[in-house]
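Close look at the chain arrangement
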Amino acid sequence: MPELPEVETSRRGIAPYLVDQTLLYVVVRNPRLRWPVSEEISSLRDQPVFSVQRRAKYLLLELAAGWIIIHLGMSGRLHILPKGRIAEKHDHIDLVMSNGKILRYTDPRRFGAWLWAKDFTASTVLAHLGPEPLGAEFTEQYLFEKSRHKRTLIKPWLMDNKIVVGIGNIYASECLFVAGILPTEPAGSLTQNECKLLVSAIKTVLLDAIEQGGTTLRDFLQSDGKPGYFAQRLQVYGRAGAPCYRCTHLIETVKQGQRSTFFCRHCQH
């Protein structure tokens, strides 16, 4: 599933082709995604595009009439293509733009979402989200206060979007390794200094991943079709049984909430 850096990479990739252009019309070939494609989207005509934003793992297209809210799901991808490009089997939605380009949504598993909102801040899918990990609100003090008396293990707790948005399975393992924190301890055991290290690690890892264009592990490609390159820089994720780059001890893995967690017991305490 695309994580925050992949979604941000997609946002940066498509924005130059959409902002200050006009959405002429929408082609919906298959409305049956995770939720049915909102009818308001299908009927859009001649809509100026003011901005392309991101909230957590959602892309937000600001139009004159309201907001298109896009989630890429498990395998969704966005491409900028020339108008008239023949659609293939899993190409479900096109936004036809005034500059001769189309924004095409491809999703083999159809687990993504295209929703409509007059005001995105009132959208039910966005209303209960925590702060952005790269924003000013996400601080060591915030994380420390949220962690008090929490028995949930650190890694699944960190992946809770009510605590902080956009930290998925891959980056949770990577951030905890950089911070030197074991993922198998309860969140309530975090010290103030560990929260400081963890906040710093999260911001560093995510920014590095965005700079590298995201992580390609299965389905993710950037909007221009190029793969992300952060997978080449992963320290622990997917490396069970391999030597740690720092200390040569073997990377371990455990299941947490049906997700694989990777860590180095020597470097993380």
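Since we're looking at a predicted model, the values are computed, not measured.

Before going further, it helps to examine the pattern of salt bridges. All chains considered together, the criterion is met by nine salt bridges. Between D94 and R29 there is a salt bridge, and its shortest N-O distance comes to 2.5 Å. A residue pair is termed long-range when its members are at least 10 positions apart, and D94 in strand β6 (residues 91–97) and R29 in the loop between β1 (22–28) and α2 (39–42) qualify at 65 residues. Salt-bridge contacts for D94 lead to R104; the nearest nitrogen and oxygen are separated by 2.8 Å. Of the two residues, D94 is situated in strand β6 and R104 in strand β7 (residues 101–106); the sequence distance between them amounts to 10 residues. Here D94 matches R104 in class, with each residue buried. Look at the salt bridges and you will find they share partners, linking E8, R11, R12, R54, R55 and E132 into a network.

By the secondary structure assignment, R54 is in strand β2 (residues 45–55). Note: C-alpha distance between R54 and E137 (83 residues apart in sequence) is 16 Å. Not counting residues up to four positions away in its chain, the partners in contact with R54 are L4, V7, E8, R11, L60 and E132. Here the side chain of R54 touches E8 through a polar contact of 2.9 Å, side chain to side chain.

Here we take up the UniProt feature "active site" (unreviewed entry) in the protein. The positions UniProt marks with the feature "active site" (unreviewed entry) are P2, E3, K57 and R259. Within the element layout of this structure, K57 appears in the loop between β2 and β3 (58–63). A residue is classified by how much of its surface remains accessible, and K57, at 15% relative accessible area, is buried. Residue position: R259 is located in strand β10 (residues 259–263). With residues up to four places along the chain from it excluded, the contact list for R259 reads K155, M159, N169 and V254.

The rules we used
Residues numbered from 1 in each chain as written. Predicted model: local features only at pLDDT ≥ 70, side-chain atom pairs only at ≥ 80, totals over all residues. Heavy atoms only, no water. Salt bridge = Lys/Arg side-chain N within 4 Å of Asp/Glu carboxyl O. Helix = DSSP H or I, 4+ residues; strand = E, 2+ residues; numbered from the N terminus. Buried < 20%, exposed > 50% of the residue type's maximum accessible area, 1.4 Å probe, protein only. Contact = heavy atoms within 4.5 Å. Polar contact = N/O pair within 3.5 Å; in protein donor to acceptor, adjacent residues only side chain to side chain. UniProt positions renumbered as here; feature names shortened; annotations may be inferred.

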